[in-house]
Amino acid sequence: MIDLYTWTTPNGHKMHIMLEETGLEYRVHPVNIATGEQFSESFLKISPNNKIPAMVDQEGPDGLPLSMCESGAMLIYLAEKTKQFLPQDIRPRMSVLQWLMFQMGHVGPMLGQAHHFLKYAPEPVPYAQERYKNEANRLYGVMNRRLAVSPFLAGDDYTIADIATFPWLRSAPDQGVNMDDYPNVKRWFNQINARPAVQRGLQVLKGAQR
């Protein structure tokens, strides 16, 4: 049993989708980041950086509970646990890991900043709005070029690289991006969005504040 501590953010949805895709049994524990629940003492014991998602695998690799934070590491762990969505052969495995790191190091941070400055900042900051909108579009361009020659980000197969990236692209307009300008990304996005497990994952905590 996986105890998942989460909220309805892109990083939270990564884990909802991964758990639905793998078929692992899990329990959801909402952590309302709008009201500061991520700073509770009990949550900090699992996630020292006070970020969701976090999880406890009650049946860890040695039979004992294993707690984890950081969504990228959690995806790798669950892929290893289930032998799904992460190849064992070195070449395809490194391709998956490099595109997972691309999401963790670029897509998440930059699209998050674009979303913040374009939608949530208490007052307009034109320099930041332009900077992060431009970077968001640059990253969509990177993915569009990659997806012109590959069905999925890491190659021929759907992997944790796609699971990690997909939720961040659900708010393209709020990032200053027109998805129609990136037809290969749009094709990939729609293909993933149509997966039954993805749709189930997106229903987790449905109705909670995004």
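See the structure shown above.
Residues numbered from 1 in each chain as written. Predicted model: local features only at pLDDT ≥ 70, side-chain atom pairs only at ≥ 80, totals over all residues. Heavy atoms only, no water.

J.: Which residues make up the overall build of the chain, and what values go with them?
T.: A count of helical and extended segments in the chain gives 8 helices and 4 strands. Traced from its N-terminal end to its C-terminal end, the chain shows the element sequence β-α-β-α-β-β-α-α-α-α-α-α. What you see for the chain is a C-alpha radius of gyration of 17 Å, in line with the 17 Å of a compact globule of 210 residues. When its C-alpha atoms are laid out on the principal axes, the chain stretches across 50 × 45 × 25 Å. Classification of the 210 residues of the chain by burial places 50% in the buried group. Carbon together with sulfur atoms contributes 52% to the accessible area of the chain, which is approximately 10300 Å² in total. Looking at the chain, you have 21 positive and 21 negative side-chain charges, and the mean spots of the two groups are 4 Å apart. (Helix = DSSP H or I, 4+ residues; strand = E, 2+ residues; numbered from the N terminus. Rg over C-alpha atoms; globule rule 2.2 N^0.38 Å. Buried < 20%, exposed > 50% of the residue type's maximum accessible area, 1.4 Å probe, protein only. Areas by Shrake-Rupley, 256 points an atom, 1.4 Å probe, with all protein chains shown as cover. Lys, Arg positive; Asp, Glu negative; His and termini not counted. Charge placed at Lys NZ, Arg CZ, Asp CG, Glu CD.)

J.: Provide a residue-level description of the packing of aromatic side chains, including the pertinent values.
T.: According to the stated counting rule, one finds 6 aromatic pairs in the structure shown. Summarising the aromatic geometry, the rings of Phe 117 and Tyr 132 are spaced 5.6 Å apart at their centres and angled 5 degrees between planes, so their arrangement reads as stacked. Placement of the pair is Phe 117 in helix H4 (residues 90-120) and Tyr 132 in helix H5 (residues 126-147), with a sequence separation of 15 residues. Exposure class is identical for Phe 117 and Tyr 132. Each is buried. (Phe/Tyr/Trp six-rings, centres within 6.5 Å; stacked < 30°, edge-to-face > 60°.)

J.: Break down the side chain of Ser 47 for me, with residues and values.
T.: Turning to its location among the elements, Ser 47 is positioned in the loop between helix H2 (41-44) and strand S3 (54-57). There is a polar contact of 2.7 Å between the side chain of Ser 47 and the backbone oxygen of Lys 51. Contacts of Ser 47, omitting those with residues within four sequence positions, involve Ala 54 and Cys 69. (Polar contact = N/O pair within 3.5 Å; in protein donor to acceptor, adjacent residues only side chain to side chain. Contact = heavy atoms within 4.5 Å.)

J.: Requested: an account of the packing of H5 against helix H7 (residues 183-193), with residues and values cited.
T.: When two helices pack together, their arrangement is captured by the angle between the axes and the distance separating the axes. Two elements in contact, H5 and H7, have axes whose closest approach is 7 Å; the angle formed by their N-to-C orientations is 75 degrees. In terms of axis orientation, H5 runs roughly perpendicular to H7. For the pair H5 and H7, contact is made by Tyr 140, Met 143, Asn 144 and Leu 147 and by Pro 183, Asn 184, Val 185, Arg 187 and Trp 188, respectively. Along the lines of polarity and charge, the residues of the contact of H5 with H7 split into 6 nonpolar, 2 polar and 1 charged. (Axes fitted to C-alpha atoms, helices over the stretch in contact; angles between N-to-C directions. Parallel < 35°, antiparallel > 145°, perpendicular 65-115°, else oblique. Nonpolar A, V, L, I, M, F, W, Y, C, P; charged D, E, K, R; others polar.)

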